[in-house]
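# Coordinate analysis (summary)
Read off the chains here:
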Protein chains: 2
Amino acid sequence: MSYDIVIHNGVVITVNSDFDIIENGMVCITQEKLERIEARADDTPLPEAEQIIDAKGGIIMPGLVNTHTHLPMTLFRGLADDLPLAVWLGEFIFPCEAKYLTPETVRLGTLLACAEMILSGTTTCCDGYFFENDVASALYISGIRGVLGQGVIDFPAPGVPDPSNNIRTAAGFVEKWQDVSPLITPSIFCHSPYTCSEETLKKAKAACDSKGLLFQIHAAETKNEVNRIQTEQHTTPIKYLDKIGMLDQNTLIVHGIWLDSDDIEIIAKRRSKVSHNPQSNMKLASGIAPVSGLLRAGVTVGLGTDGCASNNDLDLFREMDTAAKVHKVNLLDPTVMDARTVLKMATIDGAKAIGLDKDIGSLEAGKQADVIIIDTEKPHLVPMYHPVSHIVYAVQGSDVRDVIVAGRILVSDRKLLTIDLEDTLKITGAIGKNIIKRA
Amino acid sequence: MSYDIVIHNGVVITVNSDFDIIENGMVCITQEKLERIEARADDTPLPEAEQIIDAKGGIIMPGLVNTHTHLPMTLFRGLADDLPLAVWLGEFIFPCEAKYLTPETVRLGTLLACAEMILSGTTTCCDGYFFENDVASALYISGIRGVLGQGVIDFPAPGVPDPSNNIRTAAGFVEKWQDVSPLITPSIFCHSPYTCSEETLKKAKAACDSKGLLFQIHAAETKNEVNRIQTEQHTTPIKYLDKIGMLDQNTLIVHGIWLDSDDIEIIAKRRSKVSHNPQSNMKLASGIAPVSGLLRAGVTVGLGTDGCASNNDLDLFREMDTAAKVHKVNLLDPTVMDARTVLKMATIDGAKAIGLDKDIGSLEAGKQADVIIIDTEKPHLVPMYHPVSHIVYAVQGSDVRDVIVAGRILVSDRKLLTIDLEDTLKITGAIGKNIIKRA
C-alpha cells in the first residue's frame, strides 16, 4: 500500500468529535482524501508514499474555514478607516465599488485574497460579492475551496446595473458553477433584510432551495438596522426573516449581533447557522455578538474575517485570538470561548455553518485532505504546553509552512505554488495606485 | 561626509510632532544616532555610507516601545488559559514561579523574549519581574533597549525569600545597573497597592525618586482589587496611591482599567503615565480601560503586551490592532482610537510613558537610531493606501525585515544577529518540557 502523501513528525490536532490530539502523529493521503490519521511509534518505518512531508515537531491540523468574506475587497484594504459607517460606505466603499469593479479587477483582487488566505492557513472560504463568476474563476486557479455567493441587492450593483435582473443573474451563476469543480459550491448572498425586498429574498431563497444550496444574508449587524426593521416591519430582523420563511438549516446569518433571546431561540429552532466576524464588528463599531448565548442554545457558529476593507486582513489566526478574547472581557468571564471552542469555530463548526462538514473541517479518514502544517520553531511558539492554546493565542498566519487542499499541495515551505505572487502583487498594487489617485 | 548606515527607498513614518510621512524617504545614521531624515529626489545620488540598506518600497519607522512586560514569563506561555484569575494565579503561575524560576531560567526566558520582541519590531521594553539582574544580563546580550524594574512584593518571592529584603534588593539592582549600559535604565516595580504595604510603596518610590527613575505599579486592574482597596483604604486604588504620594510624572500606572472620572483627573493632574495592555486585559477578563477618557484628559498612554502567560505573545503589532478595535466596539464609535493615535501609543507616547522620549519614539535628527523596516511585498499588505493604517490594522510582527537599535543592526533580512536562536529555542523548549512533566 503506497500513499500519495504522508505527513509525519508533528502533533496532529484532529478536531474530530473526541477532539483527539495525537502526539507524534501521522497523516496519510491518497488522491484527494485522508486515509489514515494515527500515532506513529518511533521505531516503526514510515509507510511508502510518493511524497513524505516532515512536520519537524510542528502542528498538523485541518485547514481553516473562513465563513464570511468579500474577497475582491482586498483592493480596498485600508482605503478608509476610523470613519462613521455611513461615511465609510457612502463616500468610499460604494463609490469605489461602482467605479473600479470590473470582471478583471474582481478576478485580480480575488487572486490576491486567495494568496493571502492560503498562505495564512485558510483552505475554505465562503464568499458573497458581485461579479462572482470572476471570483469563482480566480478560486479555481488558486486551488482553495469555496462556497461562493453571487450578491443580490435591490439597487444597481457592479455587474447588475438593473436590479430587476439580480435574481436571474444569481440563478445563472448557480447554474453555471454547479458542476464545474468539486472545490467550488455556488450559493446566493442577499445583502440584507433592508436592502432586499421580501419578494427578492423569497426568490433568492427558493433558487437556493431548489438545488439544496446555502443561502447567505447579513442580518442584525447594527443597531440602525434593528431600528429600521422595527419601523418598517414592526419586529426584529431575525423574526422578520423567519416570518417570511428565510430561516432553515441551509441559511447562514452573517454577524447576528443585535439578537434578543427570542431571536436566538428562533435561530436554534430553525437550525440556521451564524457567521461570527469579531474583528470587523469591532472595527466598524457594530457591536459584540452574543456568541456564548448562541452556543448555549445549540446554534452552530463559524468564524469569518469579513472583507478586507473592514478588518483589514483575511488572517483567521488573528480572528481566533480576537474571538477568544473579546467575549471574555465583554462578559468579564475568562472561562468563556476557551481555545478548543474557538478552534472548532474556525474548523469543524465553520464547515457545518456552510454545509461542508461531511467533507472538511476535521482530520478524519474518508474526509477531504485539507491539511495545514504549523512551524513551531519560532520564538513566539516556545515552549509549547498545549498546541490548541498556541493555535488560538500565539500562532500567526505566517507560521503556516505547508498547505494542502483536496490532496493538492498549494504551499510548500511557505512557497505558494498555484499563483504567481510577484505578478499578482505588482498588478493589484498598480490597481490600488490608480484608485488612490482618483478616489 | 560619510554615514555609518543609510536606509533608503521606503516611506518614512517619522511620528515626529507634525506626524510627517515622507514618501521615498531616507534615514542617515552615524554611530548610535539619527543624523538626517528627509525625502530623496529620485535622481540624487545616495550619500556615502559604510552600509546602504534598501527598504525596497517598504515602511521605515521608529522601533516599537512595549511599556509593560514580564519577560521571563515566556517560559509559562500557554501553560494555563481560559481559567478564573484566582485559579490561574494560585494553581499555575505562582507555584510555577516558585518552583522553576532561578537566575538561569530567568536569563534564558528573557533571551527568548528578546528574540521574539526584536523579530517583531520592538526595540524598547519596560519590564518588571524578579531576578531582574538576570533579565538585564539577557537584554544586554540581545541589544534591545529596556527600562527594567526589580519586582517588589510583601511576600516571599523568587530570589527574595525574605520580603523584608525586598527594597534593599531593588535598591541594589538599581545601583548595580545605573551606569552599565546606555541601553539599560533601572527601575523599581511594585506589584500592586494590595500586595505592597504603604511603607513598602513609599520606600520604593523614594528609592526611585532619589535617582530620578521610573516607578512602576499595577493598579486598578480588576474589580476585585477596587473592592479590596475600598474595604481596606476606603477609597479607590488611584486615590489611595495619590494620598500616599505615589503619583507624579515618574510613575507608570499599569492597566488603569477601573477608573472613575476623579481618578482620571488625578492621574492627569499628577502627570502620571498609564500603560494600556488590551490583549491581557481581555484574556484575563479584567475589563476595558477608559483609554479615550484618559487621552481626552491629556494623560500619556503607552501600549504594552503584559507577560506571555496572559496574552500569549509579545507582538506589539497585534496589540495595536486590538487597541484600535476594542475601544471602537466598546464605545460603539468607529472614530475613536484611530490608527495614528494607536501608532503614537506604540512609539512616541510609549517612550514618554517610560521617560525616554528625549531619546527614542520617533525618527528625528539627534535621537537614538532605533529603526525598523517593514517588508510590504506581502499579499496582506497590498495595495497600500495609507501606511499608518497598514501598520495598525494589517502588518504582522513577521513582516519586520530589519531592526536597528542605537545604530546597531540586530536583525538583517529576518535574521537575528545577536542571539543564537536555535540554541535558545532548544533550551527553553526543554525547560518547558520539564515544567509540564512536573506541573
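Quick note: structure is the one above.
Below is a summary of the structure that appears in this document. (Residues numbered from 1 in each chain as written. Chains lettered and ligands numbered in written order. Predicted model: local features only at pLDDT ≥ 70, side-chain atom pairs only at ≥ 80, totals over all residues.)

Let us now look at the overall build of chain A. The helix and strand inventory of chain A stands at 15 helices and 16 strands. Rg of the C-alpha trace for chain A: 21 Å, near the compact-globule value of 22 Å for 439 residues, within the 12% margin. Along the first, second and third principal axes, the C-alpha atoms of chain A reach 70 × 45 × 40 Å. In chain A, 73% of the contacts between residues at least 6 apart in sequence involve partners at least 24 apart. (Helix = DSSP H or I, 4+ residues; strand = E, 2+ residues; numbered from the N terminus. Rg over C-alpha atoms; globule rule 2.2 N^0.38 Å. Contact = placed C-beta atoms within 7 Å.)

How big an interface is tends to be expressed through the accessible area that disappears when the partners come together. Taken residue by residue, the interface counts 57 residues in chain A and 57 residues in chain B. Contributions of two or more residues to the side of chain A that touches chain B are made by α2 (103-119), α9 (278-283), α11 (316-331), α14 (387-393) and α15 (421-438) of chain A. Among the elements that line the side of chain A that touches chain B, the one with the most residues is α15 of chain A, at seven residues. Split into classes, the residues belonging to the side of chain A that touches chain B amount to 28 nonpolar, 16 polar and 13 charged. (Nonpolar A, V, L, I, M, F, W, Y, C, P; charged D, E, K, R; others polar.)

Residues and elements named next belong to chain B. With respect to topology, eight strands assemble into an open sheet ordered β5-β6-β7-β8-β9-β10-β11-β12, the strand pairing being parallel. Edge positions in the sheet fall to β5 (64-69) and β12 (301-303), since each of these pairs with one other strand and no more. Taken over all neighbouring pairs, the strand axes of this sheet differ in orientation by 25° on average, direction set aside. Two strands pair when backbone bridges link them, and strand β6 (residues 122-129) and strand β7 (residues 145-152) are joined in this way by six bridges, in the parallel orientation. (Pairing = 2+ DSSP bridges. Axes fitted to C-alpha atoms, helices over the stretch in contact; angles between N-to-C directions.)

Residue and element names in this part refer to chain A. In contact at an axis separation of 8 Å, α2 and helix α3 (residues 132-142) are set at 40° when each is read in the N-to-C sense. With respect to each other, α2 and α3 are oriented oblique. Between α2 and α3 lies a crossing whose hand is right-handed. The segment α2 lies against α3, with P103, V106, R107, T110, L111, C114 and I118 engaging D134, V135, S137, A138, L139, I141 and S142. Across the contact of α2 with α3, the residue classes break down as nine nonpolar, three polar and two charged. (Parallel < 35°, antiparallel > 145°, perpendicular 65-115°, else oblique. Left-handed = near helix turned anticlockwise from the far one by under 90°.)

A word on the environment of N330 of chain A. Structurally, N330 of chain A is set in helix α11. Put simply, N330 of chain A and I288 of chain A are 42 residues apart on the chain and 8.0 Å apart in space, counted from C-alpha to C-alpha.

Bringing the sheet that holds strand β3 (residues 33-39) of chain A into the picture now. Residues and elements named next belong to chain A. Strand order in the open sheet formed by eight strands is β3-β2-β1-β4-β13-β14-β15-β16, with mixed pairing between adjacent strands. The open sheet has two edge strands, β3 and β16 (415-416), and neither has a second partner. Of the pairings in the sheet, the one linking strand β14 (residues 400-405) to strand β15 (residues 408-412) comprises three bridges and is antiparallel in character. Bridging across to β15, V403 finds its partner in V411.

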